[in-house]
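# Structure at a glance
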Amino acid sequence: MTTPTHPPHGALQAQGLRVDSYNLALVRADGDGFVGDLASQTAFRALLDEARSHQRTAKDPFGKTPTADVGKRAIDMVLVGGDADAAHLVHMAVEAHAQRLVEVTRCFLAQPEWQDVEAIVLGGGFPESHFGALAIRRADRLLRNARVKVRLRILDRDPDKAALLGWSSLLPEPVRRHDAFLAVDIGGTNIRCGLVEHRLEKAGEGQKARVLEHMQWRHADDAPARGEAIARLAGMLNGLNAQARTLGVDLAPFIGIAVPGKIEPDGKISQGAQNLPGDWEMPFDLPAALGAHLDRIGRRAPQVLLHNDAVVQGLSQRHAMRKHKRWGIFTIGTGLGNASYSRV
């Protein structure tokens, strides 16, 4: 039997931490979709749309713009700078979403994989807005009032970089001998790539890691086929590889990719990748398909390792969870990603 030379994709151990679960797909009691979708960013917009349609007490502050097309900044401006009638609409959606988030939290805490979780980090794009952060603070207060022993905490990293930085906790030992590595965050709207300096010699839990250079492509605007998306991603990574050479950065022949869904040990995605451009689920082999387009790093073909995006984003916050034996993460975006952890 051949001994593996590198950790499997979707590894469940990470330097003193165990990943107890991720991508937990809880079906709603009525069978109509998943529990997590009740508190997604998409759900918030549906709640705001409902308020605009049926609860207005004055002129609609967003005019004739469909709710799906209203930007986060526009919603924030109405919340913090609009008149009382306009702000009332956003507050109604915030309160309804907070109650949904409480319901989702209770459902997850009832699962064996989430038993005794003491704190939940909220990541994704939702908490970076004023209305998103307010909904989370309101949900935390509702949980306190109900004497539910879990606290909600907003990610203290830039959510656009967290799923890049979190790879510092998952690096194979040979990669740690280099100063930097390449990381990718593939979501339903954007693909982000970064040249990451792990600085584990300064902080063993990766809290001092930093993104030296990054690129972003909003693929949702272009609706690419899967092959086009892979080629574009490879081009971004090859560009960062070239930048590392120009900067004189000691770059490891390694690329960590955070993606939605369940990751099998062979690197295939078995479920949960429905929001990506094209069909990315098994038997599609993302590491092999991407590897065919990648330049060598130094003299070696780079190792490509996959993990779930919520897991990686949560690992970027492990330093702030030191006092908790068990903790979890919800990433609120198009859907709701999730993961739970235990210190070992």
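Coordinates for the structure precede this section.
Here's a quick rundown of the structure. (Residues numbered from 1 in each chain as written. Predicted model: local features only at pLDDT ≥ 70, side-chain atom pairs only at ≥ 80, totals over all residues. Heavy atoms only, no water.)

## Examining the packing of aromatic side chains
With the rule as written, the count across this model stands at ten aromatic pairs. Between Phe 108 and Phe 330 the ring centres are 5.1 Å apart and the planes differ by 65°, which places this aromatic pair in the edge-to-face class. Of this pair, Phe 108 sits in helix H3 (residues 84-109) while Phe 330 is found in strand E11 (residues 326-332), placing the two residues 222 residues apart along the sequence. For the residue pair Phe 108 and Phe 330, the accessibility class agrees, reading buried in each case. A network of ring pairs unites the aromatic residues Phe 44, Phe 126 and Phe 131 as a single cluster. Here Arg 226 stacks its cationic end above the ring of Phe 284, 3.9 Å away from the centre of that ring. Between the NZ or CZ atom of Arg 232 and the centre of the ring of Trp 217, over which it lies, the distance is 4.3 Å. (Phe/Tyr/Trp six-rings, centres within 6.5 Å; stacked < 30°, edge-to-face > 60°. Helix = DSSP H or I, 4+ residues; strand = E, 2+ residues; numbered from the N terminus. Buried < 20%, exposed > 50% of the residue type's maximum accessible area, 1.4 Å probe, protein only. Lys NZ or Arg CZ within 6 Å of the ring centre and 35° of its normal.)

## Considerations on the nonpolar core
Counting 66 residues, the largest nonpolar core has Ile 186, Ile 257, Trp 280, Leu 286 and Leu 290 as its most contacted members. Ranked by the residues each element gives to this core, the list is headed by helix H7 (residues 226-247), at eight residues. Residues contacting Ile 257, with those up to four places away along its chain left out, are Trp 167, Val 184, Ile 186, Leu 286, Leu 290, Val 304, Leu 305, Leu 306 and His 307. Grouped together as the second largest cluster of nonpolar side chains are 38 residues, Ile 75, Val 117, Leu 122 and Ile 136 included. (Core = buried A, V, L, I, M, F, W, Y, C linked by side-chain atoms within 4.5 Å. Contact = heavy atoms within 4.5 Å.)

## Focus on the side chain of Arg 199
Within the fold, Arg 199 resides in the loop between strand E5 (191-197) and strand E6 (210-217). Apart from the residues within four sequence positions on either side, Arg 199 is in contact with Lys 208 and Arg 210.

## A look at the sheet that holds strand E10 (residues 303-308)
Spatially, five strands are ordered E6-E5-E4-E7-E10 in an open sheet, and the strand pairing comes out mixed. Both outer strands of the open sheet, E6 and E10, are each paired with one neighbouring strand and no more. Taking each pair of neighbouring strands and ignoring which way they run, the sheet shows an average axis angle of 20°. Relative to E10, strand E7 (residues 251-259) runs parallel, the two being bridged by six bridges. Residue Val 259 lies in a different strand from E10, and its bridge partner there is Asn 308. Docked against the sheet, H7 engages strand E4 (180-186), E5, E6 and E7, running at close to 150° with respect to E6. (Pairing = 2+ DSSP bridges. Axes fitted to C-alpha atoms, helices over the stretch in contact; angles between N-to-C directions.)

## As for the sheet that holds strand E2 (residues 119-123)
Sheet strands associate in pairs through backbone hydrogen bonding, adopting either a parallel or an antiparallel arrangement. Here five strands make up an open sheet; going across it, the order is E1-E12-E11-E2-E3 and the pairing mixed. Two strands bound the open sheet, and with one partner strand each, they are strand E1 (17-22) and strand E3 (151-154). With strand direction ignored, the average angle separating the axes of adjacent strands in the sheet is 25°. Running over the sheet, H3 touches E2, E3, E11 and strand E12 (336-343) and is turned about 140° from E11.

## A few points about the side chain of Gln 317
Tracing the chain through its elements places Gln 317 in the loop between helix H9 (309-315) and E11. The contact partners of Gln 317, leaving out residues within four places of it in the chain, are Val 121, Ile 154, Leu 155, Asp 156, Arg 157 and Trp 327.

## Some points on the environment of Leu 315
Within the element layout of this structure, Leu 315 appears in helix H9. Taking the C-alpha atoms as reference points, Leu 315 and Glu 128, separated by 187 residues in sequence, lie 18 Å from one another. In this structure Leu 315 touches Leu 17, Gly 166, Ser 169, Leu 170 and Tyr 341, once residues within four positions along its chain are discounted.

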